[in-house]
Every structure is written in C-alpha cells, then in structure tokens.
Amino acid sequence: MDMDSKISKAVELIAQLSVDKASQVLSKLVRCGARIVLEKAYLADLSDATARVNAEETQIEVIGSMVDMLGDAPFKFLFYADAPSCLILTDLILRREVGLVKEFDIYVRSAIQEIGNIMASAICSVFSTDFEIAMKPTPPKVIHDFVGTVFQEFVMGTASERDEVLIIESTFHIISHDIKCSMFILPFPGSDKTINYICNTRFKGD
C-alpha cells in the first residue's frame, strides 16, 4: 500500500472513531436518541478547501466552536452548523420544546461550546487511546458569522507542512431532526509527522 492510500485509511479511521465516541456522549447529553453519522472524511489541499467553502453560499449564517488541540500533535479544530440548526440543538440540549430559542444568545453559545468540547475531546481521546499520542483540547471559542468568514478565521495563522486539512462531514440524527454539520481539523506545523507515524504503525505491512 502506498503512503497516500495509508494516509486515506488513517484519516477515515480517525474520523470514524472520533464520530463514534462523540455520538455516545451527544446521545447522553440530549437524552433523546441521538447519533452522529459520518458522511465522508478526507484530506484536502487547504487552498482547495478554502475555495470550496467560499464557493458555497458564503452568506449562510453559521454558529460553531473553534478549539486548539495541544500536545504531541497540535491541531486546530472547527465545528459548525447553520444558525437555525444550532437553535434546534440548543433547545434539545436544554430539553425544551423545539422552537423556543429564536436567536443567538447565551444559551446557544453555551450549547455550541459544549458540542465543540465534546467533538474535540472525542478526537483527542482517539489520538490518546488508540494511537498513544497525548493531546488535550483548550476551551472552545464560539463563533457566529457567515461561513466564509468563519473558515477564513479558522485557517488564519496556521500552516501545515503538508498544507492539508482533514475534513469530516457528518449528520446529527436527533429524533426527527437531521442536522448537517461540518468539522475540520487543521494540523499545526509538525503534525504531519504524526499522521505518517499512524500510517506506518497502524497499517504496517499493508
């Protein structure tokens, strides 16, 4: 198996394990039969990913969490969903009737901050438990803006030796609500060595 194939398999494995762990925690948080389904995960060139996000309707209003994941393999993490979906998530987390939250407020900020913490912690747990790579998340920063602006803030000030970003596209299935969300992991300088390490140890001999 060539290195690109190993990297693709590593990316899919990290994403699936992370989503599985986060899904278990989210289900307990909302207490109403929730699960996160991984749609696809892949490495994309950072400039291509930026162009793709900007090619979407950049005036879509989103709310999300941005987290620095520090340790042996520092990464930057971003989770977001469109604003109406985040209002629904807030009502569900507060265990209230859907529709009560009508605008971005302290409750929405707290709910999205908690989801960001859940997702980032799940990813750090995968690196730590499954690959023995020490990582921990910093407190999430909640962002509320248009999707293009949010993504630009995410990539600002970071640079990867591979110049790639791990994209995780998933859907939150909660009762009758299927909420589309996006997650991104951007390596800080030097983290590509960790991806290569995972490839060479987990898929050794393939």
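What counts and what doesn't
- Residues numbered from 1 in each chain as written.
- Predicted model: local features only at pLDDT ≥ 70, side-chain atom pairs only at ≥ 80, totals over all residues.
- Heavy atoms only, no water.
- Helix = DSSP H or I, 4+ residues; strand = E, 2+ residues; numbered from the N terminus.
- Buried < 20%, exposed > 50% of the residue type's maximum accessible area, 1.4 Å probe, protein only.
- Contact = heavy atoms within 4.5 Å.
- Areas by Shrake-Rupley, 256 points an atom, 1.4 Å probe, with all protein chains shown as cover.
- Pairing = 2+ DSSP bridges.
- Axes fitted to C-alpha atoms, helices over the stretch in contact; angles between N-to-C directions.
- Parallel < 35°, antiparallel > 145°, perpendicular 65-115°, else oblique.
- Nonpolar A, V, L, I, M, F, W, Y, C, P; charged D, E, K, R; others polar.

Enquirer: What am I meant to see in the overall build of the protein here?
Expert: Counting its regular elements, the protein contains 6 helices and 7 strands. N-terminal to C-terminal, the α/β element order of the protein is α-β-α-β-β-α-α-β-β-α-β-β-α. By the burial criterion, 49% of the 206 residues in the protein qualify as buried. Excluding contacts between residues fewer than 6 apart, the proportion of contacts in the protein whose partners are at least 24 apart in sequence is 74%. Accessible area for the protein stands at about 9,700 Å²; split by element, carbon and sulfur atoms hold 50% of it.

Enquirer: Please clarify how unusual backbone geometry should be interpreted in this entry.
Expert: Most peptide bonds are trans, and most residues other than glycine sit at a negative phi. Within the chain, R95 stands out as a residue other than glycine whose phi angle is a positive 55°. Relative to the helices and strands, R95 resides in the loop between α3 (83-93) and α4 (106-131). Here R95 falls in the partly exposed class, since its relative accessible area comes to 46%.

Enquirer: Is there a simple way to think about the pairing of strand β7 (residues 177-187) in this case?
Expert: Each regular strand displays side chains that alternate between the two surfaces of the sheet. In terms of burial, β7 is a largely internal element, 9 of the 11 residues being buried. Note that strand β3 (residues 75-82) and β7 share 6 bridges and pair antiparallel. Bridging from a neighbouring strand, F77 pairs with I185 of β7. Here strand β6 (residues 164-174) runs beside β7; their pairing, made up of 9 bridges, is antiparallel. By the bridge assignment, I174 is partnered in β7 with H177.

Enquirer: So what exactly am I meant to see when it comes to the packing of α3 against α4 here?
Expert: Two numbers describe a pair of packed helices, the interaxial angle and the distance between the axes. Two elements in contact, α3 and α4, have axes separated by 9 Å at closest approach and are oriented at 85°. Viewed along their axes, α3 and α4 adopt a mutual orientation that is roughly perpendicular. Mapping the contact onto sequence places C86, L87, L89, T90 and I93 in α3 and Y107, V108, A111, I112 and I115 in α4. Taken together, the residues of the contact of α3 with α4 sort by class into 9 nonpolar, 1 polar and no charged.

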